[in-house]
Amino acid sequence: DASRFVALGADADTTDGLRPHGGLIDELHAHKNGDLVAVIETGMGTRRQPLLFEITTAGDDVQTVCFQHRDYVCHVLEELFADETWFGFITTIDDGMDWQHERSWRMANPNYGISVKPDDLRRKCAAATRMPKRVLDVDAMTTAIVLLTVWMSPVTTFCQSAAANVTHPTQVSI
């Protein structure tokens, strides 16, 4: 039997010549570029029924292949154009939802209560809200990206931090 799963390294240059029937890319947001995805997609072009899965949380760089694919899926789901070859499933919170509310956590995590533990989220949220500087800089960004699948950029975080500092006696210039 020639069927097998093979783990690939991140170096796309060493994967030329692949002819996979399927692929599974985990944590696509962490890919430095889209080269490996392109090699796999190109190799699958010789197959009658290729299937590529991309699993990821959100990230902080909207210039990545991950964000491009997310954007594409959103356009398909919003019916801006049709593409029967793409299926997307995105879980995230609605715009304007409070990231500290448990309803948000459930909405963004289909595995809430199974592999995503409510007690762990409660503890992280409580710690983050007691450290306002960390909420804006580290914990909220990490929570939003990983647990709520919200795309954020360093600029967004900087602007949130700057806006929060406006209420303090120190002056912020942007």
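See above for the structure.
Reference entry: report on the structure contained in this document. (Residues numbered from 1 in each chain as written. Predicted model: local features only at pLDDT ≥ 70, side-chain atom pairs only at ≥ 80, totals over all residues. Heavy atoms only, no water.)

### Digging into the side chain of His31
At step 1: With respect to the helices and strands, the residue His31 is situated in the loop between strand 1 (22-26) and helix 1 (35-44).
At step 2: For His31, the contacting residues outside a window of four places in its chain are Ile25, Asp26, Leu36, Val37 and Thr64. (Helix = DSSP H or I, 4+ residues; strand = E, 2+ residues; numbered from the N terminus. Contact = heavy atoms within 4.5 Å.)

### A look at the pattern of salt bridges
At step 1: Enumeration according to the criterion identifies four salt bridges in this entry.
At step 2: Note that Arg123 is salt-bridged to Asp120, the shortest N-O span being 2.5 Å. Placement of the pair is Arg123 and Asp120 together in helix 4 (residues 118-130), with a separation of three residues, close to one helical turn.
At step 3: Close ionic contact of Asp120 with Lys124 constitutes a salt bridge, the shortest N to O distance being 2.9 Å. A residue pair is termed a helical-turn pair when its members lie 3 or 4 positions apart in one helix, as Asp120 and Lys124 do in helix 4 at four residues.
At step 4: Using a relative accessible area of 25% as the deciding quantity, one classes Asp120 as partly exposed.
At step 5: Residue classification places Lys124 among the partly exposed residues on the basis of a relative accessible area of 35%.
At step 6: It is possible to trace a salt-bridge network through shared partners that takes in Glu102, Asp119 and Arg122. (Salt bridge = Lys/Arg side-chain N within 4 Å of Asp/Glu carboxyl O. Buried < 20%, exposed > 50% of the residue type's maximum accessible area, 1.4 Å probe, protein only.)

### A closer look at unusual backbone geometry
At step 1: Even without a glycine there, the phi angle at Glu27 is positive, about 55°.
At step 2: With respect to the secondary-structure elements, Glu27 resides in the loop between strand 1 and helix 1.
At step 3: Of note in this structure, Glu79 is not a glycine but carries a positive phi near 60°.
At step 4: Relative to the helices and strands, Glu79 is located in the loop between helix 2 (65-77) and helix 3 (102-108).
At step 5: Taking relative accessible area as the criterion, Glu79 reaches 69% and is therefore assigned exposed.

In short, geometric facts, not functional conclusions.
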